[in-house]
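Structural overview for review
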Amino acid sequence: MHPVQGVVKMYMREKMGWVLLPWIILGSSFFINLFIAALMPMDEHLTTGGIASIFVYMGVIGILSMSQTFPFALGLSVRRKDFFAGTILMAVMVSLFTSIVLYLLSYIEGFGLVGWGVQLYFFHLPYLSEGNVAEQILVFFSISLCLFVTGFTIGCFFRRFGKIGMTTLAIVSIGGGTLLSYMATYFDWWVTIGHYLADLTAVNMAYTLLPISVVLGFIAYLLLRRATA
Amino acid sequence: MSTKVVEAIHLSKSYGTVKAVDDVSLTIEANKIYGLLGRNGAGKTTIMHMITAQLFKTSGELRVFSEEPYENNNVLRQVCFIKESQKYPDAFRVNDVLASAALFFPNWDAGYALELLEEFRVPLKRRMKKLSRGMLSAVGIVIGLASRAPLTIFDEPYLGLDAVARSLFYDRLMEDYALYPRTVILSTHLIDEVSRLLEHIIVIDGGKLLLDEEADLLRGRAYTVTGPAAKVDSFVSGKKVIHEELLGGFKSASIYESLIASEQRKAESLGLDFAPVTIQQLIVYLTNNSKSRKEAVV
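As recorded in an unreviewed UniProt entry, chain B goes by the name ABC-2 type transport system ATP-binding protein, listed as coming from Paenibacillus taihuensis.

Chain A is annotated in an unreviewed UniProt entry as ABC-2 type transport system permease protein from Paenibacillus taihuensis.

When helices and strands are counted, chain B shows twelve helices and 13 strands. Judged by the C-alpha coordinates and their principal axes, chain B covers about 65 × 40 × 35 Å. Looking at chain B residue by residue over its 298 residues, the buried ones come to 53%. If you take every contact in chain B between residues at least 6 apart in sequence, the share linking residues at least 24 apart comes to 67%.

All names here are of chain A. Interhelical geometry of helix H4 (residues 80-112) versus helix H7 (residues 202-225) gives an angle of 150° and a closest axis separation of 10 Å. In terms of their interaxial angle, H4 and H7 are classed as roughly antiparallel. Seen along the crossing, H4 lies across H7 with a hand that is right-handed. On H7, the residues that touch Arg80, Lys81, Phe83 and Phe84 of H4 are Gly217, Ala220, Tyr221, Leu224 and Arg225. A class-by-class count of the residues in the contact of H4 with H7 yields five nonpolar, one polar and three charged.

The grouping of Arg93, Lys125, Arg127, Lys129 and Lys130 of chain B at the surface amounts to a positive patch. In this structure, Lys129 of chain B sits in the loop between helix H4 (110-119) and helix H5 (133-147).

Residues and elements named next belong to chain B. Read across the sheet, four strands follow the order S11-S12-S10-S13 without closing on themselves; strand pairing throughout is antiparallel. Edge strands, defined here as strands with exactly one partner in the open sheet, are strand S11 (241-247) and strand S13 (273-276). Across the sheet, the mean angle separating the axes of adjacent strands is 20° when strand polarity is ignored. Where strand S10 (residues 223-228) and strand S12 (residues 250-255) come together, six bridges link them in antiparallel fashion. For Pro228, the partnering residue across the bridge sits in S12 and is Phe250.

This paragraph deals with the sheet that holds strand S3 (residues 33-37) of chain B. All names here are of chain B. Read from one edge of the open sheet, six strands run S5-S6-S7-S3-S8-S9, paired in mixed fashion. Each edge of the open sheet carries a strand with a single partner, namely strand S5 (79-83) and strand S9 (208-214). When the angles between neighbouring strand axes are averaged without regard to direction, this sheet yields 15°. As paired elements, S5 and strand S6 (residues 151-155) share five bridges and run parallel to each other. In the sheet register, Lys83 faces S6, and the bridge partner there is Asp155. Where H5 meets the sheet, its contacts fall on S5 and S6, and the angle it forms with S5 comes to roughly 165°.

Turning our eyes to something else, we now look at the pattern of salt bridges. Any two side chains of opposite charge can pair, so long as their charged atoms come close to each other. Residues and elements named next belong to chain B. Applying the stated criterion across every chain yields a total of 22 salt bridges over all chains. Between Arg172 and Glu119 there is a salt bridge, and its shortest N-O distance comes to 2.5 Å. Placement of the pair is Arg172 in helix H6 (residues 163-179) and Glu119 in helix H4, with a sequence separation of 53 residues. The exposure class assigned to Arg172 is buried, which follows from its relative accessible area of 15%. Taking the shortest distance from any N to any O, the salt bridge between Asp176 and Arg148 comes out at 2.9 Å. Of this pair, Asp176 sits in helix H6 while Arg148 sits in the loop between H5 and S6, placing them 28 residues apart in sequence. Exposure class is identical for Asp176 and Arg148. Each is buried. Among the charged side chains, a salt-bridge network with shared partners connects Lys4, Glu7, Glu61 and Arg63.

About the thresholds
Residues numbered from 1 in each chain as written. Chains lettered and ligands numbered in written order. Predicted model: local features only at pLDDT ≥ 70, side-chain atom pairs only at ≥ 80, totals over all residues. Heavy atoms only, no water. Helix = DSSP H or I, 4+ residues; strand = E, 2+ residues; numbered from the N terminus. Buried < 20%, exposed > 50% of the residue type's maximum accessible area, 1.4 Å probe, protein only. Contact = heavy atoms within 4.5 Å. Axes fitted to C-alpha atoms, helices over the stretch in contact; angles between N-to-C directions. Parallel < 35°, antiparallel > 145°, perpendicular 65-115°, else oblique. Left-handed = near helix turned anticlockwise from the far one by under 90°. Nonpolar A, V, L, I, M, F, W, Y, C, P; charged D, E, K, R; others polar. Patch = residues over 30% accessible without salt bridge, like charges linked within 9 Å, V, L, I, M, F, W, Y side chains within 5 Å. Areas by Shrake-Rupley, 256 points an atom, 1.4 Å probe, with all protein chains shown as cover. Salt bridge = Lys/Arg side-chain N within 4 Å of Asp/Glu carboxyl O. Lys, Arg positive; Asp, Glu negative; His and termini not counted. Charge placed at Lys NZ, Arg CZ, Asp CG, Glu CD. Pairing = 2+ DSSP bridges.

Laid out in structure tokens, this is it:
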């Protein structure tokens, strides 16, 4: 068996963490919202952002795969390159699964059991649920993958540079962010940024997130090459 | 194929100004059991991490199975490194760990792994996080043995294991080694216990190579002489004394050189007693930071 396949199979042994747990979290958020929606007057809509939990969770697994699975894989003589390829493959498969299921739920919510009978809009959301099937799935997929890769890159950075590196990165990012926001104010960029975001459709956002994921993945790979258990 | 499994040439690893491994050159040959010995912090673990490409060398050359080990599947597929500090994913149970090991070691013997697990009394379904220190070590030993990797490295494999389990490990290692010859590197503090298994001994001290010798040669390398202090003193004059103890009028001195039979007979007639120095004692003397070490090594 190729080691990349081995890495994926190793992740598959953690179905609970990779697949079940995010849906349990999302499911509990959904049922709470369903309960609230049922208590509300019939003519009111309830639209929530509970769906975000599953995407945030992808970022968490990205970090965990570096803190927990990487040292174990290295201990089993797995090459860093194979670990990277297997991890990204697993993330792509899980993101694809998540986005297809989310699309199906969104379809049911929007066109089948409209609002689950209580006017709840949890999966079928304005802005996100626009465009054709492929586009809607792409939107969910790109958010999921991008957050995973972000978490994974943070995990790689931590493995490579440790606590001191992580603290330095945090300080530099906060400092840089503050500086940028002052520059945006000084040079009047905010209006432009606002217009850009307002005009950005969900599909265009998805198209933007994919190259960002690729760049982050590349950075993660460079960090991983020099990471130690 | 070359019989050299590991070849290190002027291998060094520094952390800032601290030299963890300092200019070590050594060769590990195929199908032998090596003891990599030394005190805590001597640099043994660092060397083993470099051999398995888990740490990066600062300078020097390192070849494992005649190739650079870093990111090299030709090498890594043949290496199994069991370390005391191994981390496991939180959700993993013992069976998940074994199933994962099966994915990466081409010679993995699943039946043998289960058999060993039972002998070490490790519950298959227990979460790794819930295992005692000794059971955690036992899982490592099971992986190391069942992987049947051409180069198997055990770094302090039996932390927390009781005497019964340790002797079980020695027995199984010897049996399986006889059936499936491979190169084993064993790093440990319990030198006396393993010294009968070791064919070759490498001692690292302060990041430097202190000793690299066949175990059999080492066994005859030093001896202890005991008797009345004055007689012992006259006997040892001019010899490399690595350890001395005075008790009342009696003295015992350990000498780092081979004992000549004629000399022994002469000394015994004077009332002096001779005893071999065990490998453990020898290494304690050699790595004990005192002037005796320098004298012995020069």
